[in-house]
Amino acid sequence: MILNELAPLPLDINDSACSEKGEKQPSIHQYEHIVETASSIYQVDGDAERRLVRRLDMRVIPASMFLYFLCCIDRFNIGNAKILNSDAGDSLAQSLRLSDQQYLIALMVFFIAYAIFETPSNYLLKKYRPSRWLAFLMFMWGAMTMVIAACQNFASLVALRFLLGAFEAGLFPGIVYCLTFWYKPNERAVRIALIVACATLGGAFGGAIAFGVGKINGARGLEAWRWLFIFEGVPSCVCAILTYFIFPDYPETVTWLSPAERELATARIKGVASLGHHELTWAEARATLVDWRLYAHYLLFVAFSVGFASMSLFAPTIVQGLGYAGLSAQLFTVPPYAIGFLVCVAVAWVSDRYEMRALGAAFSFFVCAIAFLIEALLPPTAFVARYGVLCVALPFAFAISAPCLSWLTANLRNTGATTLAVPLNVSIATIGQITGTFIYKSSEAPAFPTGHYTNAGFMFAGAALALGLRSYYVRRNRELLVGEPRWRM
């Protein structure tokens, strides 16, 4: 049997011996393996649970990683297209005769659509099932990516970037939301990091693909940047069909788990995570919208998003400003992203393993801030040193995401709050992403002081906010009664 009945736990909060000040309060970890089914209390079999989690990791995580990887390739490729074959006069900016301001507007409208459609998309994901909704989004963003190859002017580029943002908006918050159906709070950060790290892989592969595609500039009368959008859009459309059939929905409904495993998968997260069958109520929505501590989490993600967006979209431009021209500028974007994958996973693993999500986020913010500050202070012509610092700044700019998201979801107490708070977190962070699109000005190349100083300021602010919010949770935990679930760190 997976579940074994136990005697009721002694949780009398009126026991005077337990109410003395200074007595150590029991951690939520002491109750994570205790679940309630019907009117009885049960203990989850540890060996069976470990086997189940391994099975989940083989199905849920690779599928989520692959979806986000394709999404990031399609999202970031405009940064590569902007300068691809610029030495031959055939880059996207040159073909469409885009001014710097028009290019920034094309970037900005993506994030406006992203902010508008994220929260409704999570609701529709819950309504239509993850496999169906994510497959639809995937097919549509792949189609929009390919259609961008046909753009002939600024107006068409802006319209298609808006549609691309609308369809990509639901993927990342949707995947994070889905993880809460399958994993406990202390299991999420590394898994979120593996997914987030696919953004760095998307950047690395995007640069390598752009380098290769740049070799066929002019084939069949098309500039290489048009081929880039076509080649990177096709896989998303094809894989959308596979997503419809194989992406896991909810533990209660999947057929690749046995009845006993489905029971365990549902029972082990009851009370500490989201349930697939739960519907969002107005009372839960209202409580989530007025909970001020959640807005502190949202501001953390705003600070993160400035660096994330600016690095994602301007890495090729920054590298070009470091003295690398033509296709070499594409190739030299690969190492920072490759390092970023390792850093993201390492920071998340430590954050989850040692219950240090706040400190993991603060540390990443601080390292990133120092790196951007050094980048801004170095002489503009110190190309080697500035490229080395970029290989530190970019990885830690991406590494902030996983501990921040894991920390947020770990402190959401019901499915309704998770349904709303996760997409709201990413939507509000659009403020940071829009800011990030405007701080790296071509007129300031190769030093880019505005971009580096702005990023440094947001990173320092993020580190301070993470430590402040952690102090708040520590104080709240000291005030809890015995048996009350503790706020996670």
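Residues numbered from 1 in each chain as written. Predicted model: local features only at pLDDT ≥ 70, side-chain atom pairs only at ≥ 80, totals over all residues. Heavy atoms only, no water.

1. Overview of the side chain of arginine 161
Then comes step 1: Structurally, arginine 161 is set in helix H5 (residues 154–168).
Then comes step 2: Buried and unpaired, arginine 161 has glutamate 168 as its nearest opposite-charge partner, separated by 6.9 Å.
Then comes step 3: Apart from residues no more than four positions distant in its own chain, arginine 161 is found in contact with Arg75, Ile78, Ala106, Leu107, Val109, Phe110 and Ile148. (Helix = DSSP H or I, 4+ residues; strand = E, 2+ residues; numbered from the N terminus. Buried < 20%, exposed > 50% of the residue type's maximum accessible area, 1.4 Å probe, protein only. Lys, Arg positive; Asp, Glu negative; His and termini not counted. Salt bridge = Lys/Arg side-chain N within 4 Å of Asp/Glu carboxyl O. Contact = heavy atoms within 4.5 Å.)

2. Some remarks on the pattern of salt bridges
Then comes step 1: Applying the stated criterion to the full structure yields 14 salt bridges.
Then comes step 2: For the salt bridge of aspartate 47 with arginine 50, the shortest nitrogen-to-oxygen distance reads 2.2 Å. Separated by three residues within a single helix, aspartate 47 and arginine 50 lie in helix H1 (residues 46–83), roughly one turn from each other.
Then comes step 3: Given a relative accessible area of 45%, aspartate 47 falls into the partly exposed group.
Then comes step 4: Salt-bridge contacts for glutamate 261 lead to arginine 55; the nearest nitrogen and oxygen are separated by 2.9 Å. Taken together, the residues span a long stretch of sequence, with glutamate 261 in helix H9 (residues 259–267) and arginine 55 in helix H1 at a distance of 206 residues.
Then comes step 5: When salt bridges that share partners are traced, they join Glu49, Lys184, Glu187 and Arg268 into one network.

3. Regarding the confidence of the model for the chain
Then comes step 1: Across the chain, the average pLDDT comes to 83, with 86% of residues at or above 70.
Then comes step 2: Considering only residues more than four positions removed or in separate chains, one finds that residues 1–42, a stretch of pLDDT under 50, has 70 contacts. (pLDDT = per-residue confidence, 0-100.)

4. Describing the packing of H1 against H5
Then comes step 1: Contact geometry for H1 and H5: axes closest at 11 Å, N-to-C directions at 155°. Compared by their axis directions, H1 and H5 come out roughly antiparallel. Crossing hand, H1 versus H5: left-handed. Contact residues: Cys71, Asp74, Arg75 and Ile78 in H1; Arg161, Leu164 and Glu168 in H5.
Then comes step 2: Residues belonging to the contact of H1 with H5 are distributed by class as follows: three nonpolar, no polar and four charged. (Axes fitted to C-alpha atoms, helices over the stretch in contact; angles between N-to-C directions. Parallel < 35°, antiparallel > 145°, perpendicular 65-115°, else oblique. Left-handed = near helix turned anticlockwise from the far one by under 90°. Nonpolar A, V, L, I, M, F, W, Y, C, P; charged D, E, K, R; others polar.)

5. Side note on the packing of helix H14 (residues 357–377) against helix H16 (residues 401–410)
Then comes step 1: In the contact formed by H14 and H16, the axes pass within 8 Å of each other and the chain directions differ by 150°. By the angle class used here, H14 and H16 are roughly antiparallel. Here H14 and H16 pass one another in a crossing that is left-handed. Facing H14, whose interface residues are Arg357, Ala358, Gly360, Ala361 and Phe365, H16 presents Pro403, Cys404, Ser406 and Trp407.
Then comes step 2: Looking at side-chain class alone, the contact of H14 with H16 contains six nonpolar, two polar and one charged residues.

6. A few points about a nonpolar patch on the surface
Then comes step 1: The grouping of Trp349, Val350, Tyr354, Met356, Leu359 and Leu467 at the surface amounts to a nonpolar patch, some 520 Å² of accessible area in total.
Then comes step 2: Given the relative accessible area of 33%, leucine 359 is considered partly exposed. (Patch = residues over 30% accessible without salt bridge, like charges linked within 9 Å, V, L, I, M, F, W, Y side chains within 5 Å. Areas by Shrake-Rupley, 256 points an atom, 1.4 Å probe, with all protein chains shown as cover.)

7. Re the nonpolar core
Then comes step 1: Grouped together as the largest cluster of nonpolar side chains are 151 residues, with contacts concentrated most on Tyr68, Phe172, Trp182, Met311 and Phe365.
Then comes step 2: Considering each element in turn, this core owes the most residues, 18 residues, to H1.
Then comes step 3: Contacts of methionine 311, omitting those with residues within four sequence positions, involve Ile318, Tyr337, Phe372, Leu390, Leu394, Ala397, Phe398, Tyr440 and Asn455. (Core = buried A, V, L, I, M, F, W, Y, C linked by side-chain atoms within 4.5 Å.)

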